[in-house]
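Report on the structure
Okay, here's what each chain looks like letter by letter:
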Amino acid sequence: MMEMTTDRDHLSELSSAIFCYLSLLSSVADCIGQASPEVGGPYRKRIAQLRTRLFFQSTPKAIKASLKTVEGELNDYAVVAAQYLDQHDLELRRAIVTLEHVIDTLATRHDFHGTQLREMAERMENSGPGQPVPLNEVAGELRHRVDRMGQETVSMLDRVRKEMRAVEERLRGNQSTDASTGLLNSREITRQIDAYRLSGVAFSLLRFELHGSITEPVMKQAASRIEKQFRHRDRIARWSETEFLVLFQGPPEVAETRATQVAKLLAGRYELSTGGQVEIMVDSGLAEQELALA
């Protein structure tokens, strides 16, 4: 009887430990996503998916393997987040330098026009009764100065607006995910391919190109489909308007077979927001590694 109680206690402790570990994974995923939404999305999603799999398969082997997986995700996230923050800081510093230059230019031109107006005032004050300054001449010169000041101010403000838009565009380019599908973008998958090449890890690249009436809702649905077909350690990205690229950890012969299987699941009918459907065809195959590095 005591032995049965001890076994139940051990099972209870083990279940509690697994629950705590799964809760920790959930918290880690949320922290990553909140700490750096621009780059943390893919890591948050993969860790959350890992947690879901462990919930249904909490074997010692699976838990041990998950520790290594999470460690790799966190290390990679730290590198990517640091690069993003460095680039973010650089772009902001560039913007500050540009804005300072615009402000200095505005101040210089303001002083110039101020000097011109003061000289006009002095001429009017010093003009004698026999040599009055014609009012139409004064009015014309004043109008000219005011117009110049207005034109230069508009030009400088337009330059500020363009610079701010350019900064926003460059900062968006530093993000690691595709805003529409939530997958990695082409910039980030290229970075990861380069990192894998340097590490010497064997991998293959799978390319899927959709044909038909391809819209953003269709690409979102396709992204949802393709995400379910690959393992946690594989990397899936939106490569172009109508293409997906997968960094598949495995030999080419296995990768090619997998590409054919997944292409069949991607092809078919997709729902439209209008209530109709569209038929999509898919080409697939191995992509040259140089393709992603071009």
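Everything numeric here is computed off the predicted structure, so don't read it as measured data. (Residues numbered from 1 in each chain as written. Predicted model: local features only at pLDDT ≥ 70, side-chain atom pairs only at ≥ 80, totals over all residues. Heavy atoms only, no water.)

**Concerning the environment of proline 252**
Looking at the element boundaries, proline 252 is found in helix H7 (residues 252-266). Residue class for proline 252 comes out partly exposed when judged on its relative accessible area of 44%. Considering only alpha carbons, one finds proline 252 and leucine 205, 47 residues apart in sequence, at a separation of 8.5 Å. Excluding residues that lie within four positions of it along the chain, proline 252 makes contacts with Ser204 and Leu286. (Helix = DSSP H or I, 4+ residues; strand = E, 2+ residues; numbered from the N terminus. Buried < 20%, exposed > 50% of the residue type's maximum accessible area, 1.4 Å probe, protein only. Contact = heavy atoms within 4.5 Å.)

**Quick look at the sheet that holds strand E2 (residues 235-238)**
Ordered in space as E2-E3-E1-E5-E4, the five strands form an open sheet in which the pairing is antiparallel. Unpaired on one side and paired on the other, E2 and strand E4 (268-271) mark the two borders of the sheet. Taken pair by pair, the neighbouring strands of this sheet meet at an average axis angle of 30°, ignoring direction. With seven bridges joining them, strand E1 (residues 204-211) and strand E5 (residues 277-287) adopt antiparallel strand pairing. Note on E5: the bridge partner recorded for glutamate 209 is aspartate 283. (Pairing = 2+ DSSP bridges. Axes fitted to C-alpha atoms, helices over the stretch in contact; angles between N-to-C directions.)

**Here's the deal with the nonpolar core**
With 23 residues, the main nonpolar core has Phe208, Ile226, Phe230 and Phe244 as its most contacted residues. Taken together, the elements giving at least two residues each to this core come down to E1, helix H6 (216-227), strand E3 (243-248), H7 and E5. The contacts of isoleucine 226, once residues within four sequence positions are left out, are Phe208, Ile236, Phe244, Val246, Val262 and Leu266. (Core = buried A, V, L, I, M, F, W, Y, C linked by side-chain atoms within 4.5 Å.)

**Focus on the pairing of E1**
In terms of strand pairing, E1 meets E3 through six bridges, oriented antiparallel. Residue pairing in the sheet places serine 204 in a bridge with phenylalanine 248 of E3.

**Observations concerning the layout of surface pockets**
Taken as a whole, the largest pocket holds about 850 Å³ of empty space. Lining the largest pocket are 24 residues, with Lys68, Thr69, His232, Arg233 and Gln249 sitting closest to its centre. Mapped onto the lining of the largest pocket, the elements with two or more residues apiece are helix H2 (37-56), helix H3 (60-126) and helix H5 (186-199). The greatest single-element share of the lining of the largest pocket, amounting to nine residues, is contributed by H3. (1 Å grid on protein atoms, 1.4 Å probe; cavity = no way out; pocket = protein on both sides within 12 Å on 5 of 7 lines; lining within 4 Å. Points joined across faces, edges and corners; volume = space filled by probe spheres on them.)

**Some details on the pairing of E4**
Two strands pair when backbone bridges link them, and E4 and E5 are joined in this way by four bridges, in the antiparallel orientation. Considered in E5, the bridge of arginine 269 is made with glutamate 279. Count of turn residues in the E4/E5 antiparallel hairpin: five residues, of which glycine 275 carries a positive phi of about 100°.

**Section: the packing of aromatic side chains**
Enumeration over the complete set of coordinates arrives at five aromatic pairs. Consider the rings of tyrosine 43 and tyrosine 77, whose centres lie 5.6 Å apart with planes at 70°: the pair is edge-to-face. Taken as a pair, tyrosine 43 in helix H2 and tyrosine 77 in helix H3 lie far apart in primary sequence, 34 residues in all. Accessibility assignment for this pair places tyrosine 43 and tyrosine 77 in one class, buried. Taking the centre distance of 6.3 Å and the plane angle of 65° together, the rings of phenylalanine 208 and phenylalanine 230 count as edge-to-face. Taken together, the residues phenylalanine 208 in strand E1 and phenylalanine 230 in the loop between H6 and E2 connect sequence positions 22 residues apart. Phenylalanine 230 sits in the buried class, given a relative accessible area of 10%. (Phe/Tyr/Trp six-rings, centres within 6.5 Å; stacked < 30°, edge-to-face > 60°.)

**What about H2?**
An ideal rise of 1.5 Å per residue puts 28 Å on 20 residues; H2 measures up with 28 Å between its terminal C-alpha atoms. Every buried residue belonging to H2 is among Val39, Gly40, Pro42, Tyr43, Arg46, Ile47, Leu50 and Leu54, and all of these are buried. (Expected span 1.5 Å × (residues − 1).)

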